[in-house]
Amino acid sequence: MRIIQFLQAAIDCGSEFARVKLAPVMSNAPSVPDAPMGDVSTALRHAFALLQENPEAAHAQAREILKVVPGEKRARLLLAMSDRHAGRIEAAIDALSSIATEHPAFAPAQAELGLALISAARWPEAEAALRTAVSLQPDLASAWKALGDLLAERGDDAGSDEAYQQHVRCSVRDPLLAKAGNALFSGQLGLAEGLCRESLKQDPTNVSAIRMLADVAIRIGRHDDAAKLLHRCLELAPDFHFARSNFAHLLFKMFRYREALVEIDRVIAAEPNRPSHLLLKASILARIGEAESAITIYEQVLERYPDQPRTRMSMGHALKTVGRQAEAIEAYRRAVHLAPGLGEAYWSLANLKTFEFDDAQIVRMRREIANSTASIDDSYHLSFALGKALEDRGEYEESFHYYAQGNAARRKTVRWDADEHARNLDQHKAFFTREFLAREQPCGNPSEAPIFIVGLPRAGSTLLEQILASHSRVEGTMELPDIISIARRLSRKKKRSDESQYPAVLGRLSADELGALGAEYLQRTQIHRCAAPRFIDKMPNNFAHIGLIHLILPNARIIDARRYAMACCFSGYKQLFASGQNFSYSLEEIGRYYRDYVGLMDHWDQVLPGRVLRVNYEQMVTDTEAEVRRMLDYCDLPFEPSCVEFYRNERAVRTASSEQVRQPIYSGALEQWRHYEGFLSPLRDQLGSLVR
């Protein structure tokens, strides 16, 4: 018999005491004639039930039980747990250490000791205790979950993934779900899906099966299906906090930030002391432009857990976004100090673009790259960082060697099909003809609020955004994913191999439906906006969706940020992007992407003449005020001197150019690519006539 029967008993999400058996007390326990064993078990069950909501009452009941049965290990465990829940961490650790010493095979005490040590930021001891717990009781799901959380916070992604899978595997009691958990753990996703569905045929409201089926859907990329499953799961079991945490993470991954924030707030209300929940909330806040609020959360977490390198690094990202560069550098330095092999922290310093590494730091990076135990993720981050450090020193040949090494390593981790991309663009050219667009009179949402900046990364889009966002009537946001999300939904693809219905589906939509898509875009982006009547969406990849934008937001402005081909492509090649832009890790592929981009933009110029304003980066650098006036005229905005003095704007900037756009324009970067010209023949060959 279990102590507590939560609704999610089949998926134990952290109730570390839920596995303690209420078996009769061992025969050598003190005899208490007036306290039958059943009464002790009942008292313990009631006391454990109090723990979450009223730890002090649980503490008092545990003491009463110990008066009757002195030394009863379950009551002592409860006493220590109530101390931890009440914040008396050191008392809990002392008590649990004593129980673990006296009862070395008592796995729940080891698991609870691990949790208490986590609260005290004693990471190695906590990991040791949790590993002892699962070695003693391999099916102790709660200990696996805590170990997964701990390893995730320490940056051990492989270890945390394995622990989480063990958690799922061990926490089910339904034989079918147990088999499904084993299949999920071993990567047999088709088998796991079939077993989950078979279980749901027998019990359609089994929330454990629904949650596991959602996990399968997430792993194979069917995020919409997973979201529906988790939503249903939470309808049936609102207190299933593990599933709600899964839902919040999924919504974040799907760019549904407003909903993700609601869900993670509910999880935090139920489990307020879990760093992983707080860190997810900080990530969401950073994505919606509330970087200062994110920084506050990072500070709170680091106050309790100061030796977390990845949390330090995440705080550095937020500090960089709001322009607190010195503090960002210190956060990155601290992350490197805590984890000398953390490549992303070195790259974060390099990605400031204004930071220069000293000799000792370069020596450390060389040493870490040569370390045979370094992960591929750390290796390519270090390679890009070292490439930038050597570029700043004028050591261009060796710098290119590390850029090439980093790109080759990163290319192995991403999927990119240049032929597929070219075919998609050809579909747009074939569908959006002059005749079709002439028939389709503007019928979308009439709002003039959006200003889209499209093009290639590193083409000057952040500079253009900073200029426009310095206008009193314009707000800068970020690279918003919403147009791409709408296009993906319109494609109606479940698998990569499915034939896309987009853009052809647009020809079958009514005027009202097109208007509704425009309204949806405005609603989705509202979370990133404040009071200004106009706002900027600088997702560069939206150049492929200008036809969609024209149909659903006919009064939106579209600016093409164009930069000289060799300079733009090489700047993208030496940039390590956090996500997306998978074409940029090969000179041949980035050259072809630029060529295909120019081809599609030429098509838009032909079928929608005058619809898109082209702004050349080189012209903006050499004749800034004239280009600023031209851009403002196109956007129907009056000239304001602040747009020329854009570098005084203290708004948050999330892209790699964040520090550069906080300085006056300089022309030094225009010809920087020429230092590498001898290495760029594959790029030149792909670009062909565009080189001229």
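Residues numbered from 1 in each chain as written. Predicted model: local features only at pLDDT ≥ 70, side-chain atom pairs only at ≥ 80, totals over all residues. Heavy atoms only, no water.

## Points about the state of the cysteines
Inspection of the entire model under this criterion finds zero disulfides. Here C643 is not cross-linked by a disulfide; its sulfur's nearest cysteine counterpart is in C635, at 9.8 Å. (Disulfide = S-S within 2.5 Å.)

## A look at the pairing of strand β2 (residues 474-478)
Of all five residues in β2, five are buried, a share of seventy percent or more. Where β2 lies against strand β3 (residues 534-537), four bridges are found, and the strand directions are parallel. Bridging from a neighbouring strand, G476 pairs with I536 of β3. (Buried < 20%, exposed > 50% of the residue type's maximum accessible area, 1.4 Å probe, protein only. Helix = DSSP H or I, 4+ residues; strand = E, 2+ residues; numbered from the N terminus. Pairing = 2+ DSSP bridges.)

## Brief notes about the environment of N542
With respect to the helices, strands and loops of the structure, N542 is situated in the loop between β3 and α28 (546-552). The buried category is assigned to N542, whose relative accessible area is 0%. A sequence separation of 86 residues divides N542 from L456, and the C-alpha atoms of the two residues are 9.7 Å apart. When near neighbours in sequence (up to four residues on either side) are disregarded, N542 contacts F452, V454, I483, I484, D537 and I549. (Contact = heavy atoms within 4.5 Å.)

## Points about the packing of helix α18 (residues 325-338) against helix α19 (residues 343-350)
Put simply, α18 and α19 touch, their axes get as near as 9 Å, and they point 155° apart. On the basis of the axis angle, α18 is roughly antiparallel to α19. For the pair α18 and α19, the crossing hand works out as left-handed. The segment α18 lies against α19, with I329, Y332, A335 and V336 engaging A345, Y346, S348 and L349. For the contact of α18 with α19, a count of residues per class yields seven nonpolar, one polar and no charged. (Axes fitted to C-alpha atoms, helices over the stretch in contact; angles between N-to-C directions. Parallel < 35°, antiparallel > 145°, perpendicular 65-115°, else oblique. Left-handed = near helix turned anticlockwise from the far one by under 90°. Nonpolar A, V, L, I, M, F, W, Y, C, P; charged D, E, K, R; others polar.)

## Concerning the packing of aromatic side chains
Throughout the structure, instances matching the rule amount to 28 aromatic pairs. Here F543 and Y593 contribute two aromatic rings whose centre-to-centre distance is 5.9 Å and whose plane-to-plane angle is 90°, an arrangement assigned as edge-to-face. Residue F543 is located in the loop between β3 and α28, and its partner Y593 is located in helix α30 (residues 587-607); the two are separated by 50 residues in the primary sequence. Each member of the pair F543 and Y593 is classed as buried. Connected via pairs of aromatic rings, a cluster forms that spans W347, F384, Y396, F400, Y403, F570, Y573, Y585, Y676 and F679. The ring of F106 carries the charged tip of K73 above its face, separated from the ring centre by 4.3 Å. (Phe/Tyr/Trp six-rings, centres within 6.5 Å; stacked < 30°, edge-to-face > 60°. Lys NZ or Arg CZ within 6 Å of the ring centre and 35° of its normal.)

## What to know about the pairing of β3
Taking every second residue as pointing to the same face, both faces of β3 are buried, with R534 and I536 on one and F535 and D537 on the other. Where strand β1 (residues 450-455) meets β3, three bridges bridge the pair, whose relative direction is parallel. For I451, the partnering residue across the bridge sits in β3 and is I536.

## What to know about the environment of L670
Structurally, the position occupied by L670 is in the loop between α32 (624-634) and α33 (681-687). On the basis of relative accessible area, L670 is assigned to the buried category, the value being 15%. Along the primary structure L670 and R563 are separated by 107 residues, whereas in three dimensions their C-alpha atoms are 9.4 Å apart. Setting aside chain neighbours within four positions, we find L670 in contact with A567, Y617, E618 and V621.

## A look at the sheet that holds β1
The strands that make up a sheet are held in pairs by hydrogen bonds between backbone atoms, and each pair lies either parallel or antiparallel. Here five strands make up an open sheet; going across it, the order is β2-β3-β1-β4-β5 and the pairing parallel. The strands lining the two open edges of the sheet, one partner per strand, are β2 and β5 (612-616). With strand direction ignored, the average angle separating the axes of adjacent strands in the sheet is 25°. Judged from the five bridges that link them, β1 and strand β4 (residues 557-562) form a sheet pairing that is parallel. For I453, the partnering residue across the bridge sits in β4 and is I559. Most of the contacts of helix α27 (residues 511-525) go to β3, to which it runs at about 90°, and overall it touches β1 and β3.

## Looking at the side chain of Q575
Relative to the assigned elements, Q575 resides in the loop between α29 (565-573) and α30. One polar contact links Q575 to N351, side chain to side chain, over a distance of 3.0 Å. (Polar contact = N/O pair within 3.5 Å; in protein donor to acceptor, adjacent residues only side chain to side chain.)

## Section: helix α23 (residues 418-431)
For α23, with 14 residues, the first-to-last C-alpha span of 20 Å sits near the 20 Å given by 1.5 Å per residue. Turning to α23, the residues buried within the fold contact α24 (434-439) and α30. Its side-chain oxygen at 3.0 Å from the backbone nitrogen of D419, D417 defines the N-terminal cap of α23. (Expected span 1.5 Å × (residues − 1).)

## Overview of the nonpolar core
Within the largest apolar cluster, 228 residues are counted, with the highest numbers of intra-cluster contacts made by L468, L506 and I559. At ten residues, the largest contribution of residues to this core is made by α30. I559 has contacts with I451, F452, I453, V454, L464, L468, V612, L613, V615, M631, Y634 and C635, leaving out every residue within four places of it along the chain. (Core = buried A, V, L, I, M, F, W, Y, C linked by side-chain atoms within 4.5 Å.)

## A word on the packing of helix α12 (residues 223-236) against helix α13 (residues 241-253)
Close contact between α12 and α13 brings their axes to 10 Å; oriented N to C, the two are set at 150°. Accordingly, the angle class assigned to the pair α12 and α13 is roughly antiparallel. Crossing of α12 over α13 shows left-handed handedness. In this structure, α12 contributes H223, A226, A227, L230, H231, C233 and L234 to the contact, and α13 contributes A243, R244, N246, F247, L250 and K253. The class makeup of the residues in the contact of α12 with α13 is eight nonpolar, three polar and two charged.

## Remarks on the confidence of the model for the protein chain
Mean pLDDT over the protein chain stands at 87; residues scoring 70 or higher make up 90%. Within the model, pLDDT remains below 50 along residues 1-38, and this stretch shows 86 contacts once partners closer than five positions in the same chain are excluded. (pLDDT = per-residue confidence, 0-100.)

## What about the environment of P104?
Structurally, P104 can be placed in the loop between α4 (89-102) and α5 (107-119). Taking relative accessible area as the criterion, P104 reaches 51% and is therefore assigned exposed.

## Some details on helix α26 (residues 482-491)
In terms of residue burial, α26 counts as a mostly covered element, since eight of its ten residues are buried. If you check which residues of α26 are buried, you get D482, I483, I484, S485, I486, A487, L490 and S491. Buried-residue contacts for α26 involve β1, α27 and α28. Directly beyond the C-terminal end of α26, a positive phi value near 60° is found at R492.

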